[in-house]
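Structural overview
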Amino acid sequence: GDGIQLIKDHEKLVLTAYALGDGMITIGYGHANPISTSPYKVGNKITTQEAYRLFNKDLKRKEEGVRRILLEWEKDGIDVKITQSMFDAMVSMAFNMGLGGLRRSEFIQYVKQGDYEQAAESIKTTRLNPRFPGLEIRRQSESELFLKDYEVA
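Residues numbered from 1 in each chain as written. Predicted model: local features only at pLDDT ≥ 70, side-chain atom pairs only at ≥ 80, totals over all residues. Heavy atoms only, no water.

**A short note on the pattern of salt bridges**
Evaluated as defined, the whole model comprises nine salt bridges. The partner of Glu-72 in a salt bridge is Arg-103, with the nearest N and O atoms 3.1 Å apart. Of the two residues, Glu-72 is situated in helix H2 (residues 48–75) and Arg-103 in helix H3 (residues 84–104); the sequence distance between them amounts to 31 residues. Its relative accessible area of 33% is what places Glu-72 among the partly exposed residues. Note on Arg-103: relative accessible area 36%, which makes it partly exposed. For Lys-81, the salt bridge identified is with Asp-79, shortest N-O distance 2.9 Å. (Salt bridge = Lys/Arg side-chain N within 4 Å of Asp/Glu carboxyl O. Helix = DSSP H or I, 4+ residues; strand = E, 2+ residues; numbered from the N terminus. Buried < 20%, exposed > 50% of the residue type's maximum accessible area, 1.4 Å probe, protein only.)

Here is the structure:
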């Protein structure tokens, strides 16, 4: 769907492992592992097929993580109505900042309170990094996706 395309558009396919200086080695569609545990060294190459395999594995992990957050809320009696587009936007954010980053964000608190418009607004400023100016464009896309099939009451 839209969410998957958004992630792919913003992660960009890179078939040669590289380090951003954040302690991680990245390859494929933003598949990142700590240098100490990464099976890849800087300069290692993978095939497009391998990149897709990693991407689908990562995507599944992030989707499961977002579902887990929603299930925890449900268990606590917090009834939050999430559209598919909201879910997709959250998965895209988790893909970029990790599930821990998503859990700690101000954004997720707004979602938890059912304040979707404030949540969408806060996406735009979530975890921006001057070193990665492309993040602003990504957050804008995620914010628009988040409200895409939300009917303002």
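That was the structure; now back to the text.
**Here we look at the pairing of strand E3 (residues 31–34)**
In E3, alternate side chains face the same way, and those of His-31 and Asn-33 are buried while those of Ala-32 and Pro-34 on the opposite face are not. Taken together, the four bridges between strand E2 (residues 24–28) and E3 define a ladder with antiparallel strand orientation. Considered in E3, the bridge of Ile-25 is made with Asn-33. (Pairing = 2+ DSSP bridges.)

**Thoughts on the nonpolar core**
Formed by 31 residues in total, the largest nonpolar core has its most connected members in Val-66, Trp-73, Met-90, Leu-102, Phe-107, Val-111 and Phe-146. Elements with a minimum of two residues in this core: helix H1 (2–11), H2, H3, helix H4 (106–112), helix H5 (116–123) and helix H6 (134–146). Here the element with the most residues in this core is H3; it accounts for eleven residues. What Val-66 contacts, discounting residues up to four positions off in sequence, is Phe-87, Met-90, Val-91, Ala-94, Leu-99 and Leu-102. Within the second largest apolar cluster, seven residues are counted, among which are Tyr-40, Ile-46, Ala-51 and Leu-54. (Core = buried A, V, L, I, M, F, W, Y, C linked by side-chain atoms within 4.5 Å. Contact = heavy atoms within 4.5 Å.)

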